Structure formats: C-alpha cells, structure tokens
Amino acid sequence: MRALQWIGVNHLEVGTVPDPVIEHPQDAIVRVHRTVTCGSDLHLLAGYIPFMRSGDVIGHEFVGEIVELGGEVRRHAVGDRVVVSSFVACGRCWYCAHELYSLCDNANRNPAITENLWGAAPGGCLGYSHAMGGYAGSHAQYVRVPFADVGAFRVPDEVDDARALFASDSAATGWMGAQLGEVGPGTTVAVWGAGAVGQMAAAAADLRGAEHVVVIDRIDDRLDMVRTHVRCETLNDRRDDVGAALLELTAGRGPDVCIEAVGMEASGGPVENVVDRVKHQLRLQTDRPAAVRRAIYHCRKGGTVVVLGVFAALTDAFPLGALMNKGLTLRGAQMHGPRYIPHLLDLMARGDLVTEHLGTHVMPLEEGPEGYAMFKHKRDGCVRAVFLPES
Amino acid sequence: MVSSSTARPAAPAGAFWLLAGAAAAAAWWVRRRKQARRAAALPLALTVHRPITELADELGQHEEQLLADSGLDGPLELAAAPGTFGTEIRVRLPEGDGPTRAQARQSLRLAKQLLETGSTMPPDRPVTRRRTVTSIPLEVAIRRAGKGGRL
Ligand SMILES: NC(=O)c1ccc[n+]([C@@H]2O[C@H](COP(=O)([O-])OP(=O)(O)OC[C@H]3O[C@@H](n4cnc5c(N)ncnc54)[C@H](O)[C@@H]3O)[C@@H](O)[C@H]2O)c1
Ligand SMILES: [Zn+2]
Ligand SMILES: [Zn+2]
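Residues numbered from 1 in each chain as written. Chains lettered and ligands numbered in written order. Predicted model: local features only at pLDDT ≥ 70, side-chain atom pairs only at ≥ 80, totals over all residues. Heavy atoms only, no water.

## Side note on the sheet that holds strand S1 (residues 2–8) of chain A
By way of backbone hydrogen bonds, the strands of a sheet pair with one another, either parallel or antiparallel. All names here are of chain A. Strand order across the open sheet formed by 3 strands is S2-S1-S4, with antiparallel pairing between neighbours. Two strands bound the open sheet, and with one partner strand each, they are strand S2 (11–16) and strand S4 (56–57). Bridge count for S1 against S4 is 2 bridges, and the pairing is antiparallel. The residue bridging tryptophan 6 from the neighbouring strand is aspartate 56, located in S4. Each of S1 and S2 is contacted by helix H14 (residues 368–376), which is oriented at about 155 degrees to S2, the strand it contacts most. (Pairing = 2+ DSSP bridges. Helix = DSSP H or I, 4+ residues; strand = E, 2+ residues; numbered from the N terminus. Contact = heavy atoms within 4.5 Å. Axes fitted to C-alpha atoms, helices over the stretch in contact; angles between N-to-C directions.)

Okay, structure coming up:
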C-alpha cells in the first residue's frame with residue numbers, strides 16, 4: 001500500500017510499505033478515507049522527538065471503514081464507518097477503567113523508553129514514534145487499529161467524514177482542556193494557540209457555558225477563523241497588549257482558566273526566542289515553553305493552567321514562582337480519546353460542534369510532503385492539510 | 001619574580017582538583033554499584049487491575065508457563081492492592097545463575113497484559129528505509145524497550 005513515511009529530520013516521502021495485518025485478536029484493519037496533519041507531527045518532523053525510525057508511517061487523526069476484524073472484537077462489524085482515537089488504550093487496566101485512557105498500562109509496546117525518561121510510561125499513540133509504542137500511523141491506505149473495541153467509534157450517518165475526522169484527536173484534546181480546567185458557566189477562559197487544538201478548546205469552553213472565551217495567536221487568518229465559528233474574542237499578541245486586554249475583560253482578576261495549545265515549538269518575545277531556540281538546538285532544553293510562561297503569568301490567583309501542547313522533557317525559565325505564589329493548579333495530559341469521542345460525535349450530529357473548516361486544504365495522499373510543508377509554514381491560510389489515500 | 005611565585009601553586013592546585021574530581025567520580029561509581037546491587041535484591045513488583053480472589057484462581061493456570069518462560073523459580077507473591085488498584089504481584093529472582101532481571105521484567109509485563117486484556121501485544125516491528133550510524137542508539141533502545149525500564 002502507499003503511505004507517508006518519515007525518512008529523516010524535515011524529510012517525508014510517500015512510499016510503498018507492506019499492508020497491515022491483524023497482529024492481535026482485538027485488532028481491526030481500517031481502510032482510511034481521510035487522514036489529517038496535526039501540530040504534534042511537526043515536533044516529529046523537526047526531530048525534537050528522537051525516537052523515529054527512517055521509514056515510519058506517521059499520522060494519527062483519521063476516519064475510515066473497517067475491512068477486517070480480529071477474532072475478539074465485539075462492538076464492530078466489517079463495513080462500519082469509524083473514527084479512531086489517536087491514543088491506543090486497552091480498556092481494562094486501572095487507568096482505562098478510570099477513563100484516563102492515554103495513561104493505559106498495556107498499550108505501549110516500548111515502555112522502557114518513557115519509563116526511563118519520565119519515570120513511568122504513558123499509553124501508545126498511532127504513528128507517533130517508538131517511544132509511544134511504535135505503531136504505524138494513518139497516513140496510508142490502511143491502518144491497524146489495536147484494541148478496536150476501545151478506540152474505534154461508529155460515526156452516526158448524519159456526520160460526514162470531513163466533520164467526524166477531528167473527533168480523533170484535535171476536538172477530543174480541546175474538549176479535554178475545558179474539562180481539566182472545569183470550565184462551566186461563569187468561567188473566563190483564555191486559550192493560547194489558534195491551531196485546530198486551540199480552536200477546539202475554545203469551542204469546548206463555549207459549549208460548556210463559559211462566560212468569556214479569548215483566543216490568542218499571531219496569525220490573523222486563524223484568529224478570523226475561530227471568531228467565525230466560535231463565540232469568542234481574539235487577541236493578536238504581536239499587536240495587542242494581551243495582559244492589559246485580559247485584565248480589562250475580567251475587571252482586574254485575570255482569566256480563571258488558561259489553556260495552552262501551542263506546544264514545544266512556541267515562539268515568544270525577540271530575546272526569549274533567541275535564547276530558547278539556541279538552547280533547544282544545543283539540546284540544553286528539549287522544549288520551548290513561551291506560551292506556558294504566558295498562560296501562567298496571566299492566570300488569575302487560584303486559577304487553573306492546562307497544558308495541551310506536547311512537550312518532550314525539560315525546559316528552562318519556567319515560572320515556578322508565579323505558579324506557587326499565585327496558588328495555581330497546573331494540569332496537562334495527552335488526550336483521553338475514548339472518554340470524549342462518543343459525546344463529540346453526538347454534538348457533531350446535532351450540529352453543535354462544527355469542525356470541517358479546520359481542514360483548509362484537501363489533497364491526495366501522494367501530495368503529503370507538500371501538505372506538511374504548507375502546514376508547517378502556515379502558508380495560504382493552512383490550518384490542517386487533509387489527505388485522501390483513495391484518490 | 002612576583003609573577004613566578006604566584007604562578008607556582010597553579011600546577012599543584014590543578015592536580016588537586018583533578019584528584020578530587022577523580023575521587024568524587026569513583027565514590028559516585030561505588031555508590032551507584034551499591035544502589036544497583038540493593039535494587040537487584042528487591043523483588044520485581046507490579047499491580048494487576050483484577051481482584052485478588054479471581055487472580056489467584058487464574059494464576060494457577062498460568063503460573064507454571066509464566067515461571068518457565070522467565071526461568072523464575074517463583075513462587076509469585078500476591079497481595080491485595082490498596083483501594084481500587086487490584087492485586088500486587090511480586091517475584092523474587094533466584095540468587096546466582098538464572099534468568100536475568102531483564103527477561104523477568106519482560107515476562108511480568110506480558111503476564112500483566114495477559115491477565116488484564118486476555119492477550120499480549122506483539123513487539124514493535126521494524127520497517128526501516130534507511131539505516132544510519134545515528135540510528136544505532138535508537139535501535140538499541142527499542143530492542144531493550146520491553147526488558148529495561150523501572151519495573
Ligand atoms: N494533549 C494532546 O493529546 C494533544 C493532541 C493534539 C495536539 N497536541 C498539541 O497541541 C499543540 C497545538 O496543536 P495544533 O495542531 O493546533 O498546532 P498548530 O501548529 O497548528 O498551532 C499552533 C499555534 O500556536 C501559535 N503560537 C505559537 N507561539 C505562540 C504564542 N507564544 N502564543 C500564542 N500562540 C502561539 C502558532 O501561531 C499556531 O497557530 C501542539 O503542541 C500539539 O502537539 C496535543
Ligand atoms: Zn495530534
Ligand atoms: Zn489500559
């Protein structure tokens with residue numbers, strides 16, 4: 001089959017790889033209809049997650065059709081149209097039983113790597129390096145879905161592929177951000193990052209009844225897009241005084257919940273950028289946390305900061321003083337897909353959650369490398385590039 | 001004259017720091033070895049999300065295979081875990097020759113998967129396009145990824 005492969009740092013190619021087969025009785029094989037780029041892939045592409053083998057198939061947000069099932073799959077039939085959680089989870093361990101699916105004990109085939117790095121191994125993720133289990137990704141004609149009863153969900157007929165696609169990862173991550181922040185009526189939420197994840201966090205905050213939602217980025221196309229589809233205000237931090245605007249909006253308190261949806265390649269102020277980039281390149285730190293710093297600084301006393309952006313290991317100039325002295329709660333997680341996907345599909349079926357506009361560029365899988373170049377450099381208003389393996 | 005008298009102690013000072021550094025490194029190495037030996041004397045332990053009553057029955061069927069696979073001479077020690085965690089399993093490795101801790105780790109991890117999910121997940125399969133010198137450490141890390149770690 002054809003698949004988009006990571007060949008080396010900043011080097012992707014479409015190549016021919018063996019078709020996936022059922023390796024475990026709870027597997028399903030899915031023919032991929034649509035598969036989409038994610039900001040997380042940019043960290044792999046840039047080489048900041050050094051656990052990729054040349055030839056690995058990337059991609060983890062997709063929708064498709066089941067074509068083959070292992071003997072122990074109960075909830076699915078061949079022909080089901082499904083959206084699949086990017087994180088792989090067994091459904092039976094203590095973490096899965098407590099709906100902390102991305103922390104699954106049994107889904108990472110290479111636990112030692114992250115046990116040594118972080119003290120314990122989270123679960124696995126499709127197409128996201130050998131540290132996350134070494135599973136082949138979805139930018140391909142077919143993908144093996146482990147524990148299909150847990151991770152794959154039938155898409156309601158009213159929801160088309162273009163909308164359902166984003167339940168896999170970005171909409172679920174955004175929803176988790178609002179849930180971890182306990183966003184509800186009366187809450188003022190500020191979101192850093194207007195990529196698909198930040199936009200979905202803003203949508204989730206609004207759907208959960210937040211009083212005010214403010215999205216902060218430096219790309220006007222993206223800010224315009226989120227304002228068009230979500231009831232929110234936006235700030236361009238290259239132009240606006242973000243701190244003053246947030247204080248004014250909340251009459252001096254600051255946002256109750258600050259959601260960071262930028263990740264380890266964030267850009268900051270001019271000096272901060274130079275220092276962070278040099279340290280990053282010299283591997284003196286593995287992460288550039290400019291947006292986390294801002295989220296912590298602007299959060300009201302006693303508020304909650306939620307880190308949705310992906311970080312690899314270590315960071316410098318972390319504002320621990322602000323965190324401690326303002327009595328903040330800091331939360332973060334990889335997304336617990338199966339916990340949110342059914343509810344998101346309901347919201348999509350009712351038309352309350354609209355996502356298809358995030359797929360700004362739709363193209364054949366064969367054009368994958370150009371799609372990533374466009375997405376990485378945010379060219380031509382690209383928010384996400386969607387690949388069609390069948391065309 | 002003045003400059004030579006101040007310059008002279010520089011050599012002994014350099015040697016002193018070198019020696020002190022070497023001594024500190026040696027002390028660190030000895031401490032690490034001792035820590036590693038103490039850690040090796042601890043049993044391997046993990047928690048399975050199943051009630052102890054159920055597990056005691058089922059382990060009767062698997063234990064022989066599990067012990068044979070890992071070369072452990074058992075027995076497995078079971079204890080109810082606090083709260084909702086399930087059952088704690090501990091295995092003491094025999095002294096002297098016998099299975100390496102690494103093999104035993106792998107077996108215990110697979111046993112947990114089997115007990116919790118009913119099957120084991122096969123290891124990561126290589127489909128490599130290009131091998132380079134820089135990919136060697138990664139290949140080593142992947143090869144050890146089921147057997148190493150903090151279990
Ligand atoms: N927790 C999870 O499970 C999960 C799931 C999916 C994605 N992610 C992570 O979420 C992050 C965002 O993903 P995405 O797909 O939306 O990425 P993206 O690259 O499309 O968007 C990131 C946005 O952040 C903006 N940005 C950069 N620096 C900023 C700053 N200092 N302040 C405000 N905005 C800034 C960029 O302009 C860009 O619009 C990534 O780190 C990704 O890895 C996490
Ligand atoms: Zn993602
Ligand atoms: Zn699990």
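## Topic: the site of ligand 1
Residues and elements named next belong to chain A. In the region of ligand 1, 32 residues are neighbours, and Ser40, Asp217, Ser267, Met335 and Arg384 sit closest. Here an oxygen atom of ligand 1 sits 2.5 Å away from a polar atom, N or O, in the side chain of arginine 384. Summarising the interface, the protein chains cover 96% of the accessible area of ligand 1, which totals 870 Å² for the free molecule. Among the elements of the structure, helix H1 (39–45), helix H7 (196–207) and strand S12 (212–217) are those that each provide at least two residues to the shell around ligand 1. Per-element accounting of the shell around ligand 1 gives the leading share, 4 residues, to H1. Counted by class, the shell around ligand 1 contains 15 nonpolar, 10 polar and 7 charged residues. (Near = heavy atom within 4 Å. Polar contact = N/O pair within 3.5 Å; in protein donor to acceptor, adjacent residues only side chain to side chain. Areas by Shrake-Rupley, 256 points an atom, 1.4 Å probe, with all protein chains shown as cover. Nonpolar A, V, L, I, M, F, W, Y, C, P; charged D, E, K, R; others polar.)

## Observations regarding the UniProt feature "domain: Alcohol dehydrogenase-like N-terminal" (unreviewed entry) in chain A
The sites that carry the UniProt feature "domain: Alcohol dehydrogenase-like N-terminal" (unreviewed entry) are, in the present numbering, residues 25–150 of chain A. Helix makes up 17% of residues 25–150 of chain A and strand 25%, with an end-to-end C-alpha separation of 13 Å. (UniProt positions renumbered as here; feature names shortened; annotations may be inferred.)

## Looking at the state of the cysteines
The final tally for this structure, using the stated rule, is 0 disulfides over all chains. A:Cys125 forms no disulfide, and the closest cysteine sulfur to it belongs to A:Cys38, at a distance of 8.4 Å. (Disulfide = S-S within 2.5 Å.)

## With respect to the UniProt feature "domain: Alcohol dehydrogenase-like C-terminal" (unreviewed entry) in chain A
Taking the UniProt record as the reference, the feature "domain: Alcohol dehydrogenase-like C-terminal" (unreviewed entry) is found at residues 196–265 of chain A. For residues 196–265 of chain A, helix accounts for 43% and strand for 20%, while the C-alpha atoms at its two ends are 16 Å apart.

## Here's the deal with the packing of helix H6 (residues 170–180) of chain A against H7(A)
Helix packing for two helices is described by the angle between their axes and how far apart those axes are. All names here are of chain A. Running from amino to carboxyl end, H6 crosses H7 at an angle of 50 degrees, the nearest separation of the two axes being 7 Å. Relative to H7, the element H6 is oriented oblique. The handedness of the crossing between H6 and H7 is right-handed. On H7, the residues that touch Ser170, Ala171, Thr173, Gly174, Trp175 and Ala178 of H6 are Ala196, Val197, Met200, Ala201, Ala204, Ala205 and Leu207. (Parallel < 35°, antiparallel > 145°, perpendicular 65-115°, else oblique. Left-handed = near helix turned anticlockwise from the far one by under 90°.)

## Concerning the domain arrangement of chain A
All names here are of chain A. Along its sequence, chain A is carved into domain 1 (2–169 + 335–388) and domain 2 (174–332). Domain 1 and domain 2 are separated by 25 Å when their C-alpha centres are compared. Facing the 30 residues of domain 1 at the interface are 26 residues of domain 2. Taking both partners together, domain 1 and domain 2 bury about 2200 Å²; carbon and sulfur atoms supply 66% of that area. (Domains from an automatic or database assignment. Buried area = accessible area lost by both parts, 1.4 Å probe.)

## Thoughts on H14(A)
Residues and elements named next belong to chain A. Residues of H14 that are buried: Gly368, Gly371, Tyr372, Met374 and Phe375. Buried positions in H14, seen along its axis, are confined to an arc of 160 degrees and lie on one side of it. At the exit of H14 stands lysine 378, carrying a positive phi of roughly 50 degrees. (Buried < 20%, exposed > 50% of the residue type's maximum accessible area, 1.4 Å probe, protein only. Arc of directions from axis to C-beta.)

## Here's the deal with the sheet that holds S12(A)
All names here are of chain A. In space, the 6 strands of this open sheet follow the order S13-S12-S11-S14-S15-S16, with parallel pairing throughout. With partners counted over all chains shown, the strands left at the sheet margins are strand S13 (233–236) and strand S16 (329–332), one partner each. Direction aside, neighbouring strands of the sheet carry axes that sit 20 degrees apart on average. For strand S11 (residues 188–192) and S12, the ladder comprises 5 bridges, and the chain directions are parallel. Counterpart to valine 191 in the pairing with S12 is valine 215. This element, H6, spans strand S14 (257–260), strand S15 (304–307) and S16 of the sheet and lies at about 160 degrees to S15.

## Focus: the pattern of salt bridges
Oppositely charged side chains are able to pair whenever their charged atoms sit close together. Residues and elements named next belong to chain A. One pass over the structure, following the stated rule, counts 28 salt bridges over all chains. Of the charged contacts in the structure, one is a salt bridge between arginine 227 and aspartate 224, with a shortest N-O distance of 2.8 Å. Remark: aspartate 224 and arginine 227 occur in helix H8 (residues 220–229); sequence separation between them is 3 residues, near one turn of the helix. Arginine 227 gets classed as partly exposed once you look at its relative accessible area, which sits at 40%. A salt bridge links glutamate 272 to arginine 293; the shortest N-O distance between them is 2.8 Å. One end of the pair, glutamate 272, is in helix H10 (residues 270–281); the other, arginine 293, is in helix H11 (residues 290–298), with 21 residues separating them in the sequence. The pair glutamate 272 / arginine 293 is uniform in exposure class, with both members buried. (Salt bridge = Lys/Arg side-chain N within 4 Å of Asp/Glu carboxyl O.)

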